[in-house]
Amino acid sequence: MNSRAALHSPALSHSNPDLTTIAAAMTAGGYGVEDGRPDFPEHVLKVYKADQTYKYLLVHKETTAREVVMLALREFGITDPSGDYSLCEVSVGHGGVIKQRRLPDQLGGLAERIPLAARYYLKNNMCTEQLVADDLAPELQKENQQNILQLKSVELRLS
């Protein structure tokens with residue numbers, strides 16, 4: 001085969017992969033039907049760091065808090081040991097009171113559990129700094145105000 005024919009052949013590369021081979025490999029590797037998860041994640045989590053930068057992470061319903069920590073470390077380019085980090089939920093209550101709680105490593109269903117006026121944060125367990133400063137509480141409340149038409153039926157339960 002001459003060089004001109006080689007340039008026009010359907011050769012595969014990283015920029016031109018064979019998607020059928022990749023899908024078969026993912027299914028065989030435990031990312032498909034065998035482990036009960038869809039082939040592609042169905043949820044997106046917005047995870048913050050203490051400096052208020054954030055990343056969007058694609059997750060499955062079953063993805064645990066520990067797995068989100070691992071994904072967030074990779075996305076933020078953090079190479080510290082993963083055991084030094086945890087996932088925290090930071091929420092703002094009535095009167096602008098900021099509440100912070102560490103989520104259990106095995107907690108799943110994170111996209112469905114996060115309340116309004118709350119964020120997920122990647123927290124370095126070795127640091128004692130507050131994840132959300134008091135002056136950011138009104139901003140967090142404002143960005144999480146929802147129109148009733150935007151809410152899911154689960155969130156519209158009547159007491």
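The preceding data block contains the structure.
These numbers were taken from a predicted model, which means no experiment stands behind them. Per chain, residue numbering runs from 1 following the sequence as it is written. Under the rules for a predicted model, residues below a pLDDT of 70 receive no local features and side-chain atom pairs below 80 are neither given nor counted, while totals for whole chains, interfaces and linings still include all residues. Computation of side-chain values covers all heavy atoms of the structure but excludes hydrogens and water.

When a residue's accessible area, from a 1.4 Å probe over protein chains only, is under 20% of the maximum for its type it is buried; when over 50% it is exposed; and in between it is partly exposed. Helix and strand definitions here come from DSSP, where helices need a minimum of 4 consecutive H or I residues and strands a minimum of 2 consecutive E residues; each element is numbered from the N-terminal end. A large share of strand β3 (residues 85-92) lies buried, amounting to eight of its eight residues. The two faces of β3 match: Tyr85, Leu87, Glu89 and Ser91 on one face and Ser86, Cys88, Val90 and Val92 on the other face are all buried. Any two strands are treated as partners once DSSP identifies two or more bridges connecting them. Relative to strand β5 (residues 118-124), β3 runs antiparallel, the two being bridged by seven bridges. Bridging across to β5, Leu87 finds its partner in Leu122. Alignment of β3 against strand β4 (residues 98-102), held across five bridges, turns out to be antiparallel. Counterpart to Val90 in the pairing with β4 is Gln100. Once β3 ends, the chain turns through five residues before running back antiparallel as β4, passing Gly95 with a positive phi of about 75 degrees.

A carboxyl oxygen of Asp or Glu within 4 Å of a side-chain nitrogen of Lys or Arg is what we treat as a salt bridge. Across all of its chains, the model carries three salt bridges by this definition. Asp105 is the salt-bridge partner of Arg66, the closest N and O atoms lying 3.4 Å from each other. Note that Arg66 is positioned in helix α3 (residues 65-76) and Asp105 in the loop between β4 and α4 (110-113), a separation of 39 residues in sequence. With relative accessibility at 18%, the residue Arg66 sits in the buried group. On the accessibility criterion, Asp105 (28% relative accessible area) is partly exposed. For the salt bridge of Glu89 with Arg101, the shortest nitrogen-to-oxygen distance reads 3.5 Å. Of this pair, Glu89 sits in strand β3 while Arg101 sits in strand β4, and the two are twelve residues apart along the sequence.

Its place among the elements puts Asn124 in strand β5. If we skip the residues at most four places from it in the chain, Asn124 touches Asp84 and Tyr85. In protein, a polar contact means a hydrogen-donor-capable atom and an acceptor-capable atom, both N or O and within 3.5 Å, with residues adjacent in sequence counting only if both atoms are side-chain atoms; elsewhere, any N or O pair within 3.5 Å suffices. Here the side chain of Asn124 touches Tyr85 through a polar contact of 3.4 Å, side chain to side chain. Of note is the side chain of Asn124, whose polar atom sits 2.8 Å from the backbone nitrogen of Met126. In this description, contact between two residues means that some pair of their heavy atoms is separated by no more than 4.5 Å.

Okay, the packing of aromatic side chains next. Aromatic ring pairs are reported here in terms of the distance separating the ring centres and the angle at which the planes meet. Two rings from Phe, Tyr or Trp (for Trp, the six-membered ring) form a pair when their centres sit within 6.5 Å of each other. Planes less than 30 degrees apart are called stacked, planes more than 60 degrees apart edge-to-face, and all others tilted. Within this structure, the stated rule accounts for three aromatic pairs. With a centroid separation of 5.3 Å and an interplanar angle of 55 degrees, the aromatic rings of Tyr48 and Tyr54 are classed as tilted. Its relative accessible area of 5% is what places Tyr48 among the buried residues. On the basis of relative accessibility, which here comes to 40%, the residue Tyr54 falls in the partly exposed class.

For the rest of this paragraph, the subject is unusual backbone geometry. Within the chain, Gln52 stands out as a residue other than glycine whose phi angle is a positive 70 degrees. Judged by its relative accessible area of 23%, Gln52 is partly exposed.

Across the sheet, five strands lie side by side as β2-β1-β5-β3-β4; this open sheet has mixed pairing. Looking at strand neighbours, the two that pair on one side only are β2 (54-59) and β4, the edges of this open sheet. Each adjacent strand pair in this sheet contributes to an overall mean axis angle of 35 degrees, direction not counted. Axes here mean lines fitted to C-alpha atoms, for a helix over just the part in contact, with angles spanning 0 to 180 degrees between N-to-C directions. With respect to the sheet, α3 is in contact with β1 (43-48), β2, β3 and β5, its orientation differing from that of β2 by roughly 130 degrees.

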